[in-house]
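Structural overview for review
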Amino acid sequence: MKKYTAFLKDYPHAWTILYFAVYITWFVWLESRSKLPYHVIHFPLDDYIPFCEYFIIPYFLWFVYIAAVFLWLFFKDRKGFYRYIIFLYTGMTLFLVVSTFYPNGHLLRPMEFERDNLFIRMVCFLYMADTSTNILPSIHVFNSIAAHMAVLHLPESPYKKWTVRCSRTLYVSIILSTMFLKQHSCVDVILGIALGACMNQLVYESDSLVKAHDFVGKLVSNHRYLSPAFSRKIHGPAKDAEI
């Protein structure tokens, strides 16, 4: 108990992790409705994109990518962490809301495979674990953009240039993988990128968060973690933002 208390004292922002309990519960419920009627998402360009099982590697690396950025910022950069989770949580919640009131999906997945290898089996596992519903917009695309933007705004270090290059390669590969695995339509990807661009403008390119945080801080000025001064510490000026 003492270790737990000490941890919360050192990392008071740990409470934000509770969001995942809400997200996972909501997501599982949405997946339970996969057999209900839904709106088919399809775009003519989808028919010209070939299936390629090798993209399963960057697709699965998405989980490591998002978690690695989350944990690094959690322990090393509280300012960047708050920006990152605002970016992530806003989009993830919006996607849940959209899927709740506008059930959607598509039927582009291959019904049979002409070959059998490890990558094909990994794809089969993906298809079984994650149905082709609740796909609009693509959470893989949006979260990858969020992670890359967080990496771009990491504090300067001798390794930042290579970190940014690796991040850029990975997040572009993840975006492509959603289409080459027939997990998402081009429409899902385009809307995911559009929303990511909007959130980038809100989180990194404007002072909207500072103003909002200051407003909350005035309401609860006796709480040091919501004070206007702390707000400005968390939301500093953006630099070199790009997607």
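For clarity, every value in this text was computed on a predicted model and none was experimentally measured. (Residues numbered from 1 in each chain as written. Predicted model: local features only at pLDDT ≥ 70, side-chain atom pairs only at ≥ 80, totals over all residues. Heavy atoms only, no water.)

In this section: the packing of helix α6 (residues 139–152) against helix α8 (residues 186–205). Closest axis-to-axis distance for the α6/α8 pair is 8 Å, and the angle between their directions is 35°. For the pair α6 and α8, the crossing hand works out as right-handed. Between α6 and α8, the residues in contact are Val141, Phe142, Ile145, Met149 and Ala150 and Val189, Gly192, Ile193, Leu195, Gly196, Met199, Asn200 and Tyr204, respectively. (Axes fitted to C-alpha atoms, helices over the stretch in contact; angles between N-to-C directions. Helix = DSSP H or I, 4+ residues; strand = E, 2+ residues; numbered from the N terminus. Left-handed = near helix turned anticlockwise from the far one by under 90°. Contact = heavy atoms within 4.5 Å.)

With that settled, the discussion passes to the nonpolar core. Grouped together as the largest cluster of nonpolar side chains are 54 residues, with contacts concentrated most on Val69, Tyr84, Phe87 and Leu181. Contributing elements (two or more residues each) for this core: α2 (19–31), α3 (56–76), α4 (78–101), α5 (118–129), α6, α7 (160–180) and α8. Ignoring any residue separated from it by four or fewer positions in sequence, one finds valine 69 in contact with Tyr84, Ala147, Ala150 and Val151. (Core = buried A, V, L, I, M, F, W, Y, C linked by side-chain atoms within 4.5 Å. Buried < 20%, exposed > 50% of the residue type's maximum accessible area, 1.4 Å probe, protein only.)

A cluster of nonpolar side chains, Tyr4, Phe7, Leu8, Leu71 and Phe75, forms an exposed patch at the surface whose accessible area comes to about 470 Å². Locating phenylalanine 7 in the fold gives a position in helix α1 (residues 2–10). (Patch = residues over 30% accessible without salt bridge, like charges linked within 9 Å, V, L, I, M, F, W, Y side chains within 5 Å. Areas by Shrake-Rupley, 256 points an atom, 1.4 Å probe, with all protein chains shown as cover. Salt bridge = Lys/Arg side-chain N within 4 Å of Asp/Glu carboxyl O.)

Next up on the list: α7. Given a rise of 1.5 Å per residue, 21 residues ought to cover 30 Å, and the 30 Å separating the end C-alpha atoms of α7 matches this to within 8%. When α7 is considered as a whole, its buried residues turn out to be Lys160, Val164, Ser167, Tyr171, Ile174, Ile175, Ser177, Thr178, Met179 and Phe180. Lining the buried residues of α7 we find α3, α6 and α8. (Expected span 1.5 Å × (residues − 1).)

This part takes up the pattern of salt bridges. Inspection of the entire model under this criterion finds three salt bridges. Close ionic contact of arginine 121 with aspartate 116 constitutes a salt bridge, the shortest N to O distance being 3.2 Å. Residue classification places aspartate 116 among the exposed residues on the basis of a relative accessible area of 55%. One salt bridge connects lysine 160 with glutamate 156, and the closest N-O pair in it is separated by 3.4 Å.

Let's shift gears to unusual backbone geometry. Across the junction of leucine 136 and proline 137, the peptide omega takes the value -10°, indicating a cis bond. Structurally, proline 137 can be placed in the loop between α5 and α6.

Here α2 is 13 residues long and its end C-alpha atoms lie 18 Å apart, about the 18 Å a rise of 1.5 Å per residue gives. Those residues of α2 lying buried are Tyr19, Tyr23, Leu30 and Glu31. For α2, the angular spread of buried residues about the axis comes to 95°, placing them on one side. (Arc of directions from axis to C-beta.)

Turning to the packing of α3 against α7, a few remarks are in order. Direction vectors running N to C along α3 and α7 enclose 130°, while the axes themselves pass 8 Å from each other. Accordingly, the angle class assigned to the pair α3 and α7 is oblique. Seen along the crossing, α3 lies across α7 with a hand that is left-handed. In contact with Pro58, Tyr59, Leu61, Trp62 and Tyr65 of α3, α7 contributes Ser167, Leu170, Tyr171, Ser173, Ile174, Ser177 and Thr178. Partitioning the contact of α3 with α7 into residue classes produces eight nonpolar, four polar and no charged. (Parallel < 35°, antiparallel > 145°, perpendicular 65-115°, else oblique. Nonpolar A, V, L, I, M, F, W, Y, C, P; charged D, E, K, R; others polar.)

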